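A structural walkthrough
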Amino acid sequence: MKNALLLLLLLCSCSAFSYNQQSVYDFDIKHWGSTEGLSSNSVRSVSQDAQGYIWLATQFGLNRFDGVQFEHFTKETHRQLASNVLTKLLHDSRGYMWVGTKAGLSGFDPVTLKFDRYQILAEVTAILEVRPGEIWVAADNLFRISNGKVSRVEQVRSQVSQLELVGNQVWVSSTEQLYRIDIDGNTSSFALPAELMQTPVYDLYQTESGLHIAGESGFYHLDESATVKKCQLPDHSNTAVYKLLRDSRGNSWISAHRKLFHRHPNQPWQHITGDELGSYPWFSDIFEDKDQNIWLASFSDGIYRASAGNIRRVLPKDADPIIRSVSVTPDNTLLIAGQSDVGEMQADGSYSGLITAESLGAATVYDIYWPQADVMWLALDKGVMQYRRGEVGLTPIFDALKGFTVRLLQPDNQGGVWLGGVMGLYRYQQGELTPFSKNDELESRNITVLQQQQQRLVFGTTRGLYQYEQQQLSRLGVGTALFNSYVTALQVLPDNSVLAATLDDGIFVLLPGQAQWLQLHAGNGLPHSPVVSLEFDAASDYIWVSSHKGIFRLRAADLAQLATGTLVVEEILGPYDRQLGTVPGRCCNGAGHAKVALWQQQYWYPTLKGLVAVPADLNPALSRSASPVIKSVVGQQHYIVDSEQAKLVLELDDRNLSIQYSALEFVKPAALKFRYRLRGFDQQWHEVGERREAVYTNLTPGSFVFQLQSRFDNEAWRDSQSVQLELVIPKRFDETLIYRALWLLLVLFCLYGLLWLLRRNTQHQQQQMTRLVRQRTQELENSNLKLNELNEQLALLTHKDSLTGLRNRRFMFEQLPKDIEHFQRNRESMQQQGKCVALIHLDLDNFKQVNDQFGNSAGDSCIQQVAGILIRETRGSDYVVRFAGEEFVLVLRDIQLELVAQFCYRLNELIAKTVFSLPDGHRTRLTCSVGYAVYPLALLGGQLINWEISLQLAEMSLYQVKHAGKNGVATIHFDQQVDAFEFEDSSHIEAQVERLLAAGLARFDVKNNL
């Protein structure tokens, strides 16, 4: 009888895809490489410590990963690390991390980050914990490490490569034999096939069906007769196999040469292709972390993370992957309208086409209506077409609507049909098509959504929401932004509550018996917009909402909370999730009314990559939280902070601190937001978004408590997770009471001696004193006059801008040379830390139009609001300068070089997303153009370019954005061949840059957000 696993491997993928079958496409995928900070794209092993950090062994050092930042550990920074070329990682039961390298074995404590070196000098290919305190290492020979002592395992004398622990037995692969050694030292051996002897073995893996071997010559299995036999891969190919894993959910993974195979329990194997991953990597290691995330380590393409989500992505075979509309047919099948064809999917997952691409043309299906069980009407962008089962092609109906876009086909309560689109609203009944009697009263005839409840008709247009009842037409949302909004979705609940989703202003809610509309937007709980569909589930009281960036739901009973605060919204699929073969941040792109369908107890949404299916009875997701962690405190010394540590006592002279923190979140790290405060120093919280560093300078002696909170961007701060660390700054002797008391005694003694001398000489010096007083009085009057004049001059030369309260150009030209001088004094330390001084030149686009349209007071108000945004987004050590008119210069001191571009992009996007309120009640939007440069520029020759040139380069980058179309970010990059002496003459910098651009030695990096 053949082995069970071998039988499973021989199964091929099914031709029909069942709608309720799990798929590899359900996994949320994210990729990191060297561009994201990984020290090398060649990752050989993955592990996780007790704190939750992911550790990566690469071909250029060790990396610690928290979901966003990679921390590098190399032989140059940690001498006990045997080599920078790492091969294996193992986190043992005692919390110690073992590191195998090309040149031997090292280890370290993940809490203290203290490294150790062991007397093993060959390349480590496998590390195994046999029992607590005993480690076996394959490094040409087989070694045992017990209580820090290294010894040889004498049972195996030949070269070994891989190890596997099964119960109390250890399997060892050598060049010619497969050994089994029990804890008593008894040894059994099994011969390897000839082709396996000549090639490397990459992995040994035990399942319930026996021992499996992955090697360069293929995939093998030790059968019941103790014979090593070759097995076929799921695609019947014969290629190298690197790693095998069965995760805690029962899923099986096989990494082969440029291939990855995956299988859910009791399902066929699925082949993950390079097109779906975006590249064709070879996975050297597959690791499951504590949260059941799967980590795929690539030989040449960095690290991938796969995690299970709440949704499934279904790709019906032979269907157009770009789906626009879905609907349930009278036969209880799912109608799928793609970009080029229309078909239906049965309950067993089989798909059959109904309308071909030739018949549909390039038309988009907006809505679907079945007047009869075998007749279907399609609302298209060229009118209404009819399809009859059994016939070929489409038949146009309603000549009056030919050539017009029809967005909705909705039955009414009297047996008729409502039709709406760019031509207004029509009603069809008893064979007659009649225009809506109130079409002329609509500000916009472009009908987008419609819902009828009894005798009440509610419909949306591109310019507001209307209600028709008792022959009266009324416009809803008077006095709110809904009045003129583009309505994208509509839902009237059974209790007569009205929900209207808009393109730019979120969701508006009108509760029964209320006259005031409530608004759900990004500030009180809306995760992402614009909303494209609303669907009410009466059984669970959930309102299901979809947008281009995700799916979320909320309870109808909670809508009243909008009147008092934030509404709790449960996110099902977020903008940071990405399935295989899809684009992150893109979800549901349905057209017209057919944007969602409830079928087989699941909600189906059309996307650019198949269908997304979500169970209607999805249990509320467990509260996921990413607890913040304080990683280290950096002053004159580097203090590593233990996760359990509550107090840290600093050295005497550590008064300038940089506190590094994070939160261990690997699924949605970009959705994390942070805020912190230093209790005893800060009066309020600093909300810093995604920034993961707090900087404090000139702290006084005493005890402070650093408090840190983190939350996801769709949560409120009251739901955040927090951590704190007490920081104790000791007093120097010159800051103690004894020292100050000694100085006080000295001062008192001096005063007493002075008074004694004054009393003794009073009579002899009276006349001189009188004359001296007169002279001093005259001098004082003269000094007061001069002081008053100087005060008037000082008022004229103030360093503060009168409109915004920001610093002005005079302040910048006086302060910036001091900052540059400070940087040069600490140049070596700053460059080791990757820090620089960033000069960011920001200009508001088309600002003259604001003054022309709304007046100068409105322009001043916008400039003040922009100044507030810039102050809020910068650190306490930075400063913002109003350079001229609507131009600003931001000076970021001691900032990480790789964070400058991110800061500029985020600032550009933030201003573009901000709605500016004007004094007259109007609101407007602004965009900005940003040019930035850094100091110093490391050019050939090692020279430091002066800051005036950096400022000129930032200004030139700004003008480059303006020339390219505004609303963007730009900087200039120089080729490594450019010599610093090219810029000695700062008066001709523009000509020099133009010459370098023409020679191809410089280029502008411009990113426009038009």
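Residues numbered from 1 in each chain as written. Predicted model: local features only at pLDDT ≥ 70, side-chain atom pairs only at ≥ 80, totals over all residues. Heavy atoms only, no water.

A separate point is the overall build of the protein. Assigned secondary structure in the protein consists of 13 helices and 73 strands. Its C-alpha atoms put the protein at 130 × 95 × 60 Å along the principal axes. In the protein, buried positions account for 51% of the 1010 residues. A sequence separation of at least 24 residues applies to 53% of the contacts in the protein between residues at least 6 apart. Carbon and sulfur atoms provide 49% of the accessible area of the protein, an area that totals close to 46800 Å². Distance between charge centroids for the protein: 5 Å, based on 93 positive and 110 negative side chains. (Helix = DSSP H or I, 4+ residues; strand = E, 2+ residues; numbered from the N terminus. Buried < 20%, exposed > 50% of the residue type's maximum accessible area, 1.4 Å probe, protein only. Contact = heavy atoms within 4.5 Å. Areas by Shrake-Rupley, 256 points an atom, 1.4 Å probe, with all protein chains shown as cover. Lys, Arg positive; Asp, Glu negative; His and termini not counted. Charge placed at Lys NZ, Arg CZ, Asp CG, Glu CD.)

The next thing to look at is the sheet that holds strand β24 (residues 259-263). An order of β22-β23-β24-β25 is seen for the four strands of this open sheet, with the pairing classed as antiparallel. Each of the sheet's edge strands pairs with one partner strand only, and the pair in question is β22 (241-246) and β25 (270-272). This sheet shows a mean twist of 20° between the axes of neighbouring strands, independent of strand direction. Pairing analysis gives three bridges linking β24 to β25, with the strands arranged antiparallel. In the sheet register, F261 faces β25, and the bridge partner there is H271. (Pairing = 2+ DSSP bridges. Axes fitted to C-alpha atoms, helices over the stretch in contact; angles between N-to-C directions.)

Next up on the list: the side chain of D49. Note on placement: D49 falls in the loop between β2 (43-48) and β3 (54-58). Although D49 lies buried, it forms no salt bridge, and the closest oppositely charged side chain, R64, sits 5.4 Å away as judged by the N-O distance. At 2.8 Å, the side chain of D49 and the side chain of W55 are in polar contact. Excluding anything up to four places from it in sequence, D49 contacts W55, H91, M97, P110 and K290. (Salt bridge = Lys/Arg side-chain N within 4 Å of Asp/Glu carboxyl O. Polar contact = N/O pair within 3.5 Å; in protein donor to acceptor, adjacent residues only side chain to side chain.)

Before going further, it helps to spend a moment on helix α13 (residues 989-998). Along α13, the residues that are buried comprise I989, Q992, V993 and L996. Down the axis, α13 shows its buried residues gathered within 95° of arc, on one side only. As for α13, its buried residues are in contact with α12 (947-964), β72 (968-974) and β73 (1002-1008). (Arc of directions from axis to C-beta.)

Let us now look at the nonpolar core. Of all hydrophobic cores here, the largest spans 49 residues; its most connected members are L842, L870, L953 and F974. Ranked by residue count, the leading element in this core is helix α10 (residues 856-873), at seven residues. Once you skip the residues sitting within four places of it in the chain, L870 turns out to touch L842, V880, F888, L890, L907 and I911. (Core = buried A, V, L, I, M, F, W, Y, C linked by side-chain atoms within 4.5 Å.)

On the basis of which strands lie adjacent, the open sheet formed by four strands has the order β34-β35-β36-β37 and antiparallel pairing. Taken across any chain shown, the strands that pair with only one partner, and hence form the sheet edges, are β34 (367-372) and β37 (395-397). The mean angle between the axes of side-by-side strands here comes to 30°, regardless of whether they run parallel or antiparallel. Note: strand β35 (residues 375-380) against strand β36 (residues 383-388), six bridges, orientation antiparallel. By the bridge assignment, V375 is partnered in β36 with R388.

What follows concerns unusual backbone geometry. Here the amide bond leading from S529 into P530 is cis, since omega sits at 5°, within 30 degrees of zero. Relative to the helices and strands, P530 is located in the loop between β49 (518-520) and β50 (531-537). Cis peptide bonds are those with omega within 30 degrees of zero, and the linkage from Y935 to P936 qualifies with 0°. Tracing the sequence through the fold places P936 in the loop between β71 (928-935) and α12. The residue L113 is not glycine, and still its phi comes out positive at about 60°. The topology assignment puts L113 in the loop between β8 (104-109) and β9 (114-117). L113 sits in the buried class, given a relative accessible area of 12%. Positive phi values are uncommon outside glycine, yet A226 reaches one of about 65°. Locating A226 in the fold gives a position in the loop between β20 (218-222) and β21 (228-231). Relative accessible area serves as the criterion here: at 36%, A226 is assigned to the partly exposed category.

What follows covers the pairing of strand β7 (residues 97-101). Within β7, five of the five residues are buried, leaving the element largely enclosed by the surrounding structure. Burial of the side chains of β7 extends over both faces: M97, V99 and T101 are buried on one face and W98 and G100 on the other. Note that strand β6 (residues 86-91) and β7 share five bridges and pair antiparallel. Following the sheet pairing, L86 is matched in β7 by T101. Between β6 and β7, which pair antiparallel and follow one another directly, the connecting turn spans five residues, one of which, G95, has a positive phi of 90°. Turn length for the β7-β8 hairpin, with the two strands adjacent in sequence and antiparallel, is two residues.

Summed over the entire model, instances satisfying the criterion amount to one disulfide. Residue pairing for C587: its cysteine sulfur links by disulfide to C588, the two sulfurs lying 2.4 Å apart. No difference in accessibility class separates C587 from C588, as the two residues are buried. Looking at the unpaired C904, the closest cysteine sulfur is the one in C928, lying at 9.5 Å. (Disulfide = S-S within 2.5 Å.)

With that settled, consider the pattern of salt bridges. Evaluation of the coordinates by the stated rule reveals 39 salt bridges. For E690, the salt bridge goes to K673, with nearest N and O atoms at 3.8 Å. In this pair, E690 is assigned in the loop between β62 (686-689) and β63 (693-696) and K673 in strand β61 (residues 672-679), connecting sequence segments 17 residues apart. Residue E821 pairs with R825 through a salt bridge whose shortest N-O separation is 3.6 Å. Here E821 and its partner R825 are both found in helix α7 (residues 809-825), four residues apart, which amounts to about one turn of the helix. Accessibility expressed as a relative area gives 58% for R825, which makes it exposed. One salt-bridge network, in which partners are shared between bridges, spans R64, D66, E71, K631 and R692.

Looking now at the packing of α10 against helix α11 (residues 897-913). The interhelical angle for the contact between α10 and α11, taken along N-to-C directions, is 145°, at an axis separation of 11 Å. By crossing handedness, the relation of α10 to α11 is classed as right-handed. For the pair α10 and α11, the contacting residues are V866, I869, L870 and E873 in the first and F903, R906, L907, L910 and I911 in the second. Of the residues that constitute the contact of α10 with α11, the class distribution is seven nonpolar, no polar and two charged. (Left-handed = near helix turned anticlockwise from the far one by under 90°. Nonpolar A, V, L, I, M, F, W, Y, C, P; charged D, E, K, R; others polar.)

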